[in-house]
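Descriptive structure summary
For reference, the chains in residue letters:
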Amino acid sequence: MHGEPSPPPAAPTLFDWEFAANPYPAYAWLRTHSPVHRTRLPSGVEAWLVTRYADARRALADPRLSKNPAHHDEPAHARGRTGIPGERKAELMTHLLNIDPPDHTRLRRLVSTAFTPRRVAEFAPRVQELTDRLIDGFAARGEADLIHEFAFPLPIYAICDLLGVPREDQDDFRDWAGMMIRHGKGPRGGVARSVKKMRGYLADLIHRKREALPAEAAPGEDLVSGLIRASDEGEHLTENEVAAMAFILLFAGFETTVNLIGNGTHALLTHPEQRARLQDSLAAGDMGLLETGVEELLRFDGPVELATWRFATRPLTLGGQDIAPGEAVLVVLAAADRDPERFAEPDVLDLMRRDNQHLGYGHGIHYCLGAPLARLEGRTALATLLTRLPDLRLAVDSTELRWRGGLIMRGLRTLPVEFAPVPN
């Protein structure tokens with residue numbers, strides 16, 4: 001006589017602090033037992049989590065999944081829990097992460113010129129200069145917090161340069177951006193206040209640049225001036241659209257790179273054989289391993305854990321689950337990029353991995369516009385750190401490091417390191 005069938009194992013706890021330290025075992029469970037999983041998020045919003053690579057790639061490119069929060073069936077009183085804190089009140093909603101074609105196509109085309117391979121290559125000396133200047137600030141000390149002193153300021157200053165924020169204003173941007181990524185560690189309401197201040201500053205910057213705009217665009221014209229020029233030449237960009245575009249390029253363009261540099265350095269310091277191999281190749285002047293290595297770091301412990309919100313506009317089926325119109329869908333990039341159905345030995349860090357079509361920067365029409373710049377910053381930061389501070393090591397045990405809370409991004413709060421002091 002057969003006994004009762006054993007009940008399925010209990011689903012792991014998601015989104016607590018223990019999970020944040022290492023979410024990969026929980027994601028492995030979901031891929032096996034509940035690949036498209038309905039859950040209630042810490043904010044109270046219910047959403048489907050998509051964890052397998054094939055389903056994730058399909059969902060990222062499915063036109064039935066809209067980016068526009070207007071399609072969410074969430075009650076009106078709960079609106080605002082699904083985007084960037086403060087963006088709704090500050091009238092910064094009309095950006096690339098919240099809109100669909102044809103508006104998405106039009107706005108993306110306008111900013112894509114800032115991120116062409118040629119434009120990014122022209123920007124490389126400035127990224128190298130910023131990288132060296134930041135390392136100069138702590139090299140003689142023999143210790144540093146690589147998040148606050150390096151990974152955080154580097155992309156802030158780079159994106160400010162790209163947008164055309166004057167150098168004398170960039171430290172204000174650094175302060176506002178710092179508040180935006182503290183996720184609850186700053187004063188209550190601090191994120192919304194920072195977004196509001198940034199909105200006010202951007203409105204003033206747009207006004208000043210419009211007043212001073214030359215008749216002809218100069219080579220390498222900053223992005224805000226380029227957007228103003230486009231709107232004055234018949235594209236009919238509203239001031240809100242220009243401000244929202246600048247805001248999302250700053251927001252999406254800096255925190256992802258902070259986490260790429262932070263998570264990537266952490267992965268290298270906790271995998272000494274891989275790190276030594278990369279240092280040897282850099283010393284030999286070979287950049288090939290750096291290029292495949294950055295892609296592997298993006299796959300292995302990437303900066304974006306979940307793709308930004310999507311909302312079903314029509315009934316659809318994903319991974320055997322029926323999803324109704326109005327329901328929220330979150331594609332878990334971190335789970336998809338460790339799917340053994342797609343990647344051999346997915347939990348192994350292998351900087352030489354060649355077959356690496358990871359989803360770290362998304363897929364489809366919302367593929368990350370700034371990916372070429374982020375890759376440049378990541379490669380420059382890691383290569384310069386490992387070359388200038390060859391004995392770099394963690395100053396605490398890896399288990400003592402704390403990861404920031406928050407739903408979309410994955411990044412360290414701090415990354416304390418030690419090394420032999422290097423006189424400037």
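So, a few notes on the structure that sits alongside this text. Since we're looking at a predicted model, the values are computed, not measured. (Residues numbered from 1 in each chain as written. Predicted model: local features only at pLDDT ≥ 70, side-chain atom pairs only at ≥ 80, totals over all residues. Heavy atoms only, no water.)

Digging into the sheet that holds strand β10 (residues 416-418)
Two modes of strand pairing occur in sheets, parallel and antiparallel, and in both the strands are linked by backbone hydrogen bonds. If you trace the three strands from one edge of the open sheet to the other, you get β4-β10-β9, paired in antiparallel fashion. Only two strands of the sheet have a single partner each, and these edge strands are β4 (143-145) and β9 (393-394). Strand direction decides the pairing type here: β9 and β10, joined by two bridges, are antiparallel. By the bridge assignment for β10, R393 is matched with E418. (Pairing = 2+ DSSP bridges. Helix = DSSP H or I, 4+ residues; strand = E, 2+ residues; numbered from the N terminus.)

A few points about the environment of L163
As for its placement among the helices and strands, L163 is situated in helix α7 (residues 153-163). The class for L163 is buried, based on a relative accessible area of 1%. Considered as a pair, L163 and L223 are 60 residues apart in the sequence and their alpha carbons are 4.7 Å apart. Excluding anything up to four places from it in sequence, L163 contacts K209, D222, L223, V224, A246, L249 and L250. (Buried < 20%, exposed > 50% of the residue type's maximum accessible area, 1.4 Å probe, protein only. Contact = heavy atoms within 4.5 Å.)

Looking at the environment of D301
Following the sequence through the fold, D301 ends up in the loop between α13 (288-300) and β5 (310-312). Linking D301 and G360, residues 59 residues apart in sequence, is a C-alpha distance of 9.1 Å. In this structure, D301 is in contact with Y24, N263, W403 and R410, ignoring residues within four places of it in sequence. Here R410 takes part through its side chain, which lies 2.6 Å from a polar atom of the side chain of D301. (Polar contact = N/O pair within 3.5 Å; in protein donor to acceptor, adjacent residues only side chain to side chain.)

Some thoughts on α13
Between its terminal C-alpha atoms α13 stretches 18 Å, which fits the 18 Å expected from 13 residues at 1.5 Å a residue. Within α13, eleven of the 13 residues are buried, which leaves it mostly tucked inside the rest of the structure. Buried residues of α13: L289, L290, T292, G293, V294, E295, E296, L297, L298, R299 and F300, and no others. On its buried face, α13 sits against α2 (24-33), α11 (239-269), α12 (272-283) and α15 (371-388). (Expected span 1.5 Å × (residues − 1).)

Digging into the pairing of strand β2 (residues 46-50)
Side chains on a regular strand alternate between the two faces of the sheet. Among the five residues of β2, four are classified as buried, and the element is accordingly described as predominantly covered. Where strand β1 (residues 36-40) lies against β2, five bridges are found, and the strand directions are antiparallel. Among the inter-strand pairings, T39 is bridged to a residue of β2, identified as A47. Bridge analysis of β2 against strand β8 (residues 328-331) gives four bridges, and the strand direction is parallel. Bridge pairing in β8 places V50 opposite V331.

As for the packing of aromatic side chains
Within this structure, the stated rule accounts for ten aromatic pairs. Ring pairing ties together the aromatic residues F15, F19 and Y27, which thus form one cluster. When the ring centre of Y53 is taken as reference, the NZ or CZ atom of R342 above it lies at 5.4 Å. Positioned above the aromatic ring of W403, the side-chain terminus of R410 is 3.7 Å from the ring centre. (Phe/Tyr/Trp six-rings, centres within 6.5 Å; stacked < 30°, edge-to-face > 60°. Lys NZ or Arg CZ within 6 Å of the ring centre and 35° of its normal.)

A few points about the nonpolar core
Membership of the largest hydrophobic core comes to 70 residues, with the highest contact counts inside it found for L146, F150 and F173. No other element matches α11, which puts eleven residues into this core. Sequence-distant contacts of L146, defined by excluding residues within four places in its chain, comprise F138, A151, T265, L385, L392, L415 and V417. The next biggest cluster of nonpolar side chains, apart from the first, holds 41 residues, and it includes Y27, V304, V329 and A335. (Core = buried A, V, L, I, M, F, W, Y, C linked by side-chain atoms within 4.5 Å.)

Quick look at α12
For an α-helix the count is 3.6 residues per turn, leaving residues at separations of three or four pointing the same way. Under the 1.5 Å per step criterion, the end-to-end length of α12 is 16 Å for twelve residues, consistent within 8% with the ideal 16 Å. Considering only its buried residues, α12 is in contact with α11, α13 and α15. Of the residues one or two after α12, G285 is the one with positive phi, at around 80 degrees.

Here we look at the packing of α13 against α15
One can describe the packing of α13 onto α15 by two numbers: an axis separation of 10 Å at closest approach and a directional angle of 110 degrees. Classified by the angle between their axes, α13 and α15 sit roughly perpendicular to one another. Only R375, G378, R379, L382 and A383 of α15 make contact with α13, whose side of the interface consists of L290, E291, V294, E295 and L297. Taken together, the residues of the contact of α13 with α15 sort by class into five nonpolar, one polar and four charged. (Axes fitted to C-alpha atoms, helices over the stretch in contact; angles between N-to-C directions. Parallel < 35°, antiparallel > 145°, perpendicular 65-115°, else oblique. Nonpolar A, V, L, I, M, F, W, Y, C, P; charged D, E, K, R; others polar.)

Some thoughts on the sheet that holds strand β3 (residues 65-66)
On the basis of which strands lie adjacent, the open sheet formed by five strands has the order β1-β2-β8-β5-β3 and mixed pairing. The open sheet has two edge strands with one neighbour each: β1 and β3. Relative to β8, β5 is paired through two bridges, and the arrangement is antiparallel. Residue F311 lies in a different strand from β8, and its bridge partner there is A328.

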